[in-house]
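The residues making up each chain are set out below.
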Amino acid sequence: MKFARSMVLVSNDPESLRRGAQQVYDRFAKEIAAHGLGEEVALSQISDAGRFDTLPMVIIYPEAAAYGPVTENDVARIVEEHLYKGRLVEDLLAPVRELSGRIGWLKMRKGAMPAEKRIVLRRAGRIDPESIEDYIAEEGFAALAKALTELSPAQVIDVLEKSGLQGRGGAGFPAGRKWRFVAGTAGPKKYVVCNADESEPGTFKDRVILEGDPYAIVEALTIAAYSVGADEGFIYVRGEYQLAQHRLEHAIEQAHAYGLLGKNIMGTNFSLELHVHSGAGAYVCGEETALLESIEGKRGEPRARPPYPTTHGLWGKPTLVNNVETLANVPPILVNGAEWYRQFGTPSSPGTKTYTILGNVNFTGLIEVPMGITLREIINIYGHGMKDDATFKMAQTGGSSGSIIPASLQDTPMDFESFRKAGVSLGSGALLVCDERTCVVDLAKVLLNFFRTECCGKCTPCRVGTERSYLVFDQISKGQANLEDLDTLLKLAEQLEQVSNCGLGQTAAVPVRDTLKYFRAEVEAHIRLGVCPTGVCHLTRESAPAHSMA
Amino acid sequence: MVNLTINSKEIEVPEGTTVLRAAEKAGVFIPTLCDHPQLTPYGGCRLCIVEVKGFRVPIAACTLPASQGMVVETETPALKKSRQMILSLLFSERNHFCPFCQVSGGDCDLQNAAYREEMTSWPMQPNWTNFPVDTTHKYFILDNNRCILCRRCVRACAEMSGNFTLAIEERGAKSMIVADCNVPLGESSCISCGSCVQSCPTGALIDRQSAYLGHDESMVETRSVCTNCSVGCGIKVITRNNHVVRIEGDWDAPVNNGTLCKEGRFIPLSDDRKRITTPMVRKNGKLEPATWDVAMESVVEHLKPLAGKEHDGVAALVSTRLPVETMAAFKGLFSGGFKSDQVTSLEEGFPTATSAALAENNGAPIEGKLDMLRNADCVLVIGANLYDRHEVAGFLIKRSLPKGIQLIVIDPKENGFDDIAHYALKATTDTDVDVLRAIEAVIVKEGLGRTAAPIMDADAVLADALKKTGLAAKDILGAAHTLASAIAPVLIYGKGLTASGNSESLEVLLRLARLIGAVDSERIGVISVKGEANSLAASQLRLDKQFKMNGHKAVYVALGEGTPSKRMAERLGKAPYLVVQASYVSELTEKADVVLPGANWAEQEGHFLNLDGRLQKTNKSIEAPDGVRENTAVLADLANRVGVILSDGWKEALVERPSITALNVN
């Protein structure tokens, strides 16, 4: 493994590839070698650099200089000027003042942040994600070796249960207990599935793990399969994550070649086959039962529960489904022990949590911090404070399906239990920070528009409820609603929460309920006064209500 | 068994029962929309939500398995409120203006559910989005504006007919029922089985022929059996004012559980053949209407002198679409009374005679039951096109395809199953038996058989068969391996295999069946689809020999409602004297000397023996037109007039002969 002084990242999302990103990448490889910089400069690819108009994009660290759009012919100049002579190529710089938050995590590779504690991200950005030797050198497959040679499946689950690891997909279900459920089922055929369909808006923690440390997922799934008695596994990767898919496939291939996957892993009589399955762009396929339907080749619609996947999963067989971040925690727990893990976080929620900070803060990006940190700390320490010194108004957690956290709750410790007590949810780990210039009606409208578009259409309350709730917020934002509509909203929210088939519908009610709970005055101002207090909504009173709900 | 409490009623149900079914059993009604007893539970509409002690939120009863000690409430105020809200959402979602809908007023599950929740209006304004109306299909219309997205039609299409034509396009509120990849229904892969229409709870799928002809309450419903082929599907004949308005599959029928095909559901209603409503006698070379008395006396006058003349008297042919009673009377009259040596069926035994002879020699049935298809993991179809005929038998195979059933089709001609089969073996014409031999040889050669292999030079047989059939060795190998590795294989054959009258093909098939374990001491995994509705009954009554005119002076044909083939019409038209008993005008009736009008399927009752030996009764759903008599009555009248005494022991006659498959005649 090498330590490079510079790192060159070439975007390789589908659009970039269409515009010739692969040629750019190849050219970089050639030019770097030609300049004799092979030992000092690392070259890699990233997916989705964030700006459409600047693709293909090339980002060079540690300067965090973003060039784009870059053509093959520009490469020689960038290598010559930037990498060799240390000068920015001003005319090729992308027209962005600062980098999109979605790649900001790399800025923090040096671990300069205060309380940051990296467990799942400890290798991301430090090792070559396409080199199994790099991974092995960094404690890779030590946990698997320990599990297979020293521990029985039951002992692995014991360690996991003692560690108190909770599912990081949003619900926070104790991982060890889930493993025990699946291990306790009878039957020769079981499956393990990694849910890597990270589709919550603004959430990209899993992508960074998958792209930066793909072997960790392969290793964790192998441990999981050993523990629950499965012999086949799937990694269901979001369709847009092409680089992640490529790296996972590569990792699986290499693991096979090293005898770490396939028949008789590490010479034991334990065998496992892993498959990478690409999603096709449906948000709802991140719901575990819809994900299973999708793997089975059906339309991605959540199943009814119970029965749960732990007993009736993939093709009706017991199936363990875990999120990427949950799985990434497993190998370090096995290597270092449950006690080690419990020293991070809070007693009820041990360990760390990754968050993507977005919105009106000075610094946006991905962090991994111990559970129990407060929102105020995250904004002030990691977000470097609110942008333009504006006042914090609210934060929205967990992509779309999280909660709205008003300023009054910003000192609540961010762990599953405290948040549950406060009536909010931690969600998947996105933190959309909003200042006083954000209109709650507008925010709720955006969120509900997302839900109504991504609703699978299976169950009535969600299909019609999300559509209706969106329409009401749309009317409020246009000044065409009346106060009774707010009652309708609450009624819709109640049914969404109570009667929907899956989590999508149940959490679609949250923005409705939270908006009216914490910011009712602001919503009513739209209706009573015909004014949007933040000036975001364009109220047009002249037209009569077209779709009055009451 | 698990015990649970529903609305304070305790009930015991088998494990795996859903709460909804348990409630039904306990006599507790739970409203539903997307549920259907014959379809996989879906849990979409959420109308059947119940409160379960210990559950955080209400849960759909249709998908919830009952568990020990569960305490369920179905009628709390909160649930009622939720149900009203769900119905309000559904009503407001699309165009559900009841007064304009053909199912309004009792036939709409959505409307009925709303009335049950004491709703007379819904509190939300409708959402004015227009969805497409698909009117391209010949038999029904799809109006997405009246759809509640319950997916009953989608599930019916997949789970009943196994056709997988209907699906959902788009997501959320934009979801819409589409055929294939959103092509007009009339141009889609739809096979017009109509299961979707029968399953639709609203007016989204309406049958063109019966739409706006009245509400169900003004209709009369008669349970009967479809007589269009030997499968013997249970039907419900919906009539009004002595007209058949609609035919539905009988959900409770053991053979088909509600499924029908186009032939059974739609085609009988668009029959445009001309009905014969009065007896006719040929006078001066022209058929002229006559009274029954005149016509019958004319027949008696010509036939009576021929009684007792075995080879030069009356030849007689009966349709296998007529009830057993009619066939038995026919046989009694012409075999017993007239002593004719030419009494047979219009099928002439092509679909059954070879099998029956083999079963007779065997002294035991050689065929099993259709039900085996439900659990089969591999099916071989030879000499039959289940896409065109005996379609419902084909549905039983098609619907299992997603479960991984392996399908092998051997048919030199184009077969509707070619596209879905794992192996569609297209051999040279008339080499079906060689294909079977080749498969057998592979299994013998590789020692894959379950039973002792016949002694043969496998390599030579294989080489010879490959040469004759012109098939690729890899296809034969693949098919052989698939068959040999199946746990519950079923072999289906049609008359294509046996029509030649040569029993060799069938013998090879049966040998192969034993070799792969399709036939053993516990099961007989071989079925033939036979011919018309009473094909097997004709075989049992020995009305199955090939027809020869010999020196017969007259021919009596009980044609029933069939239309004879051109060839048959030509052959029989040459008879010196021809009596045709039929429902519809055809080429043959045009050539007859006397035509006697008989009732059709809906107008008479009688028994039918389906392809796997199940005796079923059809019922009379409408009255025959004036001047038309039931077919058995016509024969009885004739017997009476010529002095032949008919026995009514048709059931005994039916079981006399050793049967191809075990009979269930009780």
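None of the values given here were measured: they were computed from a predicted structure.

A.B. asks: Please clarify how the sheet that holds strand β23 (residues 554–560) of chain B should be interpreted in this entry.
C.D. replies: Whenever strands of a sheet pair, they do so through backbone hydrogen bonds, lying parallel or antiparallel. All names here are of chain B. Strand order across the open sheet formed by seven strands is β15-β14-β25-β24-β23-β16-β17, with mixed pairing between neighbours. On the outer flanks of this sheet lie β15 (286–289) and β17 (343–345), each paired with one strand and no other. Strand-to-strand, the axes of this sheet are offset by a mean angle of 20°, without reference to chain direction. Sheet topology note: the strand β24 (residues 578–582)/strand β25 (residues 594–597) ladder contains four bridges and is parallel. Each bridged residue has a counterpart across the sheet, and for Val579 the counterpart in β25 is Val594.

A.B. asks: Whenever I open this one, helix α18 (residues 483–499) of chain A confuses me. Can you help?
C.D. replies: Because each turn of an α-helix spans 3.6 residues, side chains separated by three or four positions in sequence point in the same direction. The terminal C-alpha atoms of α18(A) lie 25 Å apart, and with 17 residues this matches the ideal 24 Å at 1.5 Å per residue to within 8%. Residues of α18(A) that are buried include every one of Asp485(A), Leu486(A), Thr488(A), Leu489(A), Leu492(A), Ala493(A), Gln495(A), Leu496(A) and Val499(A), and no others.

A.B. asks: Where do I start with the interface of chain A and chain B in this structure?
C.D. replies: Interface size is commonly expressed as the accessible surface area that is lost when the partners come together. Every contact between the two is made by 36 residues of chain A and, on the other side, 38 residues of chain B. Carbon and sulfur atoms supply 52% of the area that chain A and chain B bury against each other, a total of about 2900 Å² over both sides. Put simply, chain A and chain B have four salt bridges between them. Linking Glu301(A) and Arg151(B) is a salt bridge whose minimum nitrogen-to-oxygen distance equals 2.8 Å. The interface formed by chain A and chain B includes 19 residue pairs in polar contact (both at pLDDT 80 or more). At the level of elements, α16 (440–454), α17 (460–478) and α18 of chain A are the ones that each hand at least two residues to the side of chain A that touches chain B. Looking at the side of chain A that touches chain B residue by residue, the classes come out as 13 nonpolar, 11 polar and 12 charged.

A.B. asks: Would you mind showing me how to read the confidence of the model for chain A here?
C.D. replies: The predicted coordinates should not be examined in detail at positions where pLDDT is low. Considering every residue of chain A, the mean pLDDT works out to 88; 93% of them sit at 70 or more. Per-residue pLDDT stays below 50 along residues 97–115 of chain A; that stretch engages in 47 contacts with residues further than four places along the chain or on separate chains.

A.B. asks: How do you make sense of the pattern of salt bridges when you look at a structure like this?
C.D. replies: Any two side chains of opposite charge can pair, on the condition that their charged atoms come close. All names here are of chain B. The final tally for this structure, using the stated rule, is 86 salt bridges over all chains. Across the pair Asp271 and Arg273 runs a salt bridge, and its minimum N-O distance is 2.9 Å. With relative accessibility at 32%, the residue Asp271 sits in the partly exposed group. One salt bridge in this structure joins Arg437 and Glu504, with 2.2 Å as the shortest N-O distance. Here Glu504 lies in helix α16 (residues 504–515) and Arg437 lies in helix α12 (residues 432–445), a separation of 67 residues in the sequence.

A.B. asks: What exactly am I supposed to notice about helix α5 (residues 142–150) of chain A here?
C.D. replies: Residue and element names in this part refer to chain A. Among the residues of α5, those classed as buried are Ala143, Leu144, Ala147 and Leu148. In an axial view of α5, the angular spread of the buried residues amounts to 120°, which keeps them on one side of the axis. Exposed and facing more than 90 degrees away from the buried side of α5 are Thr149 and Glu150. Contacts made by the buried residues of α5 are with α6 (153–163), α9 (214–228) and α12 (324–336).

Quick notes on the rules
Residues numbered from 1 in each chain as written. Chains lettered and ligands numbered in written order. Predicted model: local features only at pLDDT ≥ 70, side-chain atom pairs only at ≥ 80, totals over all residues. Heavy atoms only, no water. Pairing = 2+ DSSP bridges. Helix = DSSP H or I, 4+ residues; strand = E, 2+ residues; numbered from the N terminus. Axes fitted to C-alpha atoms, helices over the stretch in contact; angles between N-to-C directions. Expected span 1.5 Å × (residues − 1). Buried < 20%, exposed > 50% of the residue type's maximum accessible area, 1.4 Å probe, protein only. Contact = heavy atoms within 4.5 Å. Buried area = accessible area lost by both parts, 1.4 Å probe. Salt bridge = Lys/Arg side-chain N within 4 Å of Asp/Glu carboxyl O. Polar contact = N/O pair within 3.5 Å; in protein donor to acceptor, adjacent residues only side chain to side chain. Nonpolar A, V, L, I, M, F, W, Y, C, P; charged D, E, K, R; others polar. pLDDT = per-residue confidence, 0-100. Arc of directions from axis to C-beta.

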